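Commentary on secondary and tertiary structure
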Amino acid sequence: MAKIIRPSGGRKSSVPAVPKKPAKKAAKASPKAAAKKTPKPKPQQPKPQKLKPWTPAEVYEAFSRFRKANPEPKGELEHLNPYTLLVAVVLSAQATDAGVNKATRALFAVADTPDKMLALGEEKVRDYIKTIGLYRNKAKNVIALSEKLIAEFGGEVPRTRPEIESLPGAGRKTANVVLNMAYGEHTMAVDTHVFRVGNRTGLAPGDTPLAVELGLEKVIPPEFMLHAHHWLILHGRYTCLARKPRCEVCLINDLCRWPEKSV
Ligand code: SF4
């Protein structure tokens, strides 16, 4: 049975684009040139794809440092079993882990199985989670996925990606989190933090979460894959921050390819 993880803070779990860099000031234009339409400034950050790829030795070194610093990294979504983990991940779309935990503590105390969730009913589920964004739709999904788990999977959370993705409200990221945290599979769930770190460091550049996921799976040695997802999330959440990365305390600042790192 999975452990309950108590969070110290939370961040959005959505997957926005890589943060934009401020544009440089435009050069002073002559009156003639000023009369012409000023072209839009180009983004200042080089395309991640142009960064020098990491060598296998560098990747090994980076993850060895993550492992040494935090041998057993934990996720921050509280849950009691695979079912409550699945529900928590479904509720976490466009919401913070801290916000989800606040609502699910009371919900899971009364409903930690699909049967109990159905007995509670959609209206009451809605009441428990009304502090979470999109709660009406999410309450519908929680009830619908519980019904499907009972009807098609004997009340258990299935162990394959297609089966998990077939559940209402669950997508690829949900499947990756559940397969990794509940069943120990070597999956890589890409949230906003992993997406940013993969691109910014040059570890696994990609325009989409799927491209970053596949890139990370390709470069990270199998011995690190069980925990790689959490190391990268925690690195993005607490060190490689979106607006002001803390490069001076970063464990991998000598390996990182980001041209604008501050060390
Ligand atoms: S050096 Fe800076 S930009 Fe690079 S991974 Fe570390 S915190 Fe992020």
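Before reading on, note that the structure itself is shown above.
Residues numbered from 1 in each chain as written. Predicted model: local features only at pLDDT ≥ 70, side-chain atom pairs only at ≥ 80, totals over all residues. Heavy atoms only, no water.

**Let's talk about the site of the ligand**
How we decide: Summary of the distance rule: residues count as near a molecule or strand when at least one heavy atom falls within 4 Å of that molecule or strand. Polarity classes work like this: nonpolar for Ala, Val, Leu, Ile, Met, Phe, Trp, Tyr, Cys and Pro, charged for Asp, Glu, Lys and Arg, and polar for all others, with Gly in that last group.
Taken together, R200, T201, H235, C240, P245, C247, C250, N253, C256, W258 and K261 make up all the residues around the ligand. When its residues are assigned to classes, the shell around the ligand shows six nonpolar, three polar and two charged.

**Describing the pattern of salt bridges**
Selection criterion: The salt bridge criterion pairs a side-chain nitrogen of Lys or Arg with a carboxyl oxygen of Asp or Glu, the two atoms within 4 Å. Numbering of helices and strands runs from the N terminus; a helix is a DSSP stretch of H or I covering at least four residues, while a strand is a stretch of E covering at least two. Exposed residues in this analysis have more than 50% of their type's maximum accessible area, buried residues have under 20%, and partly exposed residues fall in between, with area computed by a 1.4 Å probe over protein chains only.
Overall, the coordinates contain 11 salt bridges when judged by the stated rule. Across the salt bridge formed by R65 and D254, the nearest N and O atoms sit 2.7 Å from each other. A residue pair is termed long-range when its members are at least 10 positions apart, and R65 in helix α2 (residues 56–69) and D254 in the segment after α12 (222–238) qualify at 189 residues. Judged by its relative accessible area of 49%, D254 falls in the partly exposed class. The partner of K140 in a salt bridge is E122, with the nearest N and O atoms 4.0 Å apart. Taken together, the residues span a long stretch of sequence, with K140 in helix α7 (residues 135–153) and E122 in helix α6 (residues 122–128) at a distance of 18 residues.

**Topic: the nonpolar core**
Short version of the rule: Each nonpolar core is a collection of buried residues, namely Ala, Val, Leu, Ile, Met, Phe, Trp, Tyr and Cys, held together in the definition by side-chain atoms within 4.5 Å. Only heavy atoms matter for contacts: two residues are in contact if any of them lie within 4.5 Å across the pair.
Y83, L86, M117, V125 and L149 are the most contacted members of the largest nonpolar core, which has 36 residues in total. Considering each element in turn, this core owes the most residues, eight residues, to helix α3 (residues 82–91). Residues within four places of M117 in sequence aside, it is in contact with Y83, L107, F108, A111, V125, V142, I143 and S146. Core analysis: the next-biggest nonpolar cluster, separate from the first, contains 25 residues, F63, A204, L216 and W231 among them.

**Quick word on the packing of aromatic side chains**
How we decide: Under the pairing criterion, centres of Phe, Tyr and Trp rings, with the six-membered ring standing for Trp, must be within 6.5 Å; the plane angle then separates stacked pairs below 30 degrees from edge-to-face pairs above 60, leaving the rest tilted. Counting as a charge over the ring demands two things of the Lys NZ or Arg CZ atom: a distance within 6 Å of the ring centre and an angle within 35 degrees of the ring normal.
Inspection of the entire model under this criterion finds five aromatic pairs. Between Y60 and F224, the ring centres sit 5.1 Å apart and the planes meet at 70 degrees, which makes this aromatic pair edge-to-face. Placement of the pair is Y60 in helix α2 and F224 in helix α12, with a sequence separation of 164 residues. Relative accessible area serves as the criterion here: at 35%, Y60 is assigned to the partly exposed category. Judged by its relative accessible area of 1%, F224 falls in the buried class. For the ring pair F224 and W231, a centre distance of 6.4 Å and an interplane angle of 65 degrees mean the geometry is edge-to-face. One exposure class covers both F224 and W231, and it is buried. The ring of Y183 has R159 sitting right over it, with the charged end atom 4.0 Å from the ring centre.

**Points about helix α11 (residues 209–219)**
The cut-off we apply is this: Along the arc lie the directions from the helix axis toward the C-beta atoms.
Along α11, the residues that are buried comprise V212, E213, G215 and L216. For α11, the buried positions fall inside an angular range of 170 degrees around the axis, keeping them on one side. Where α11 is buried, its residues touch α8 (161–165), α9 (172–181), α10 (192–201) and α12.

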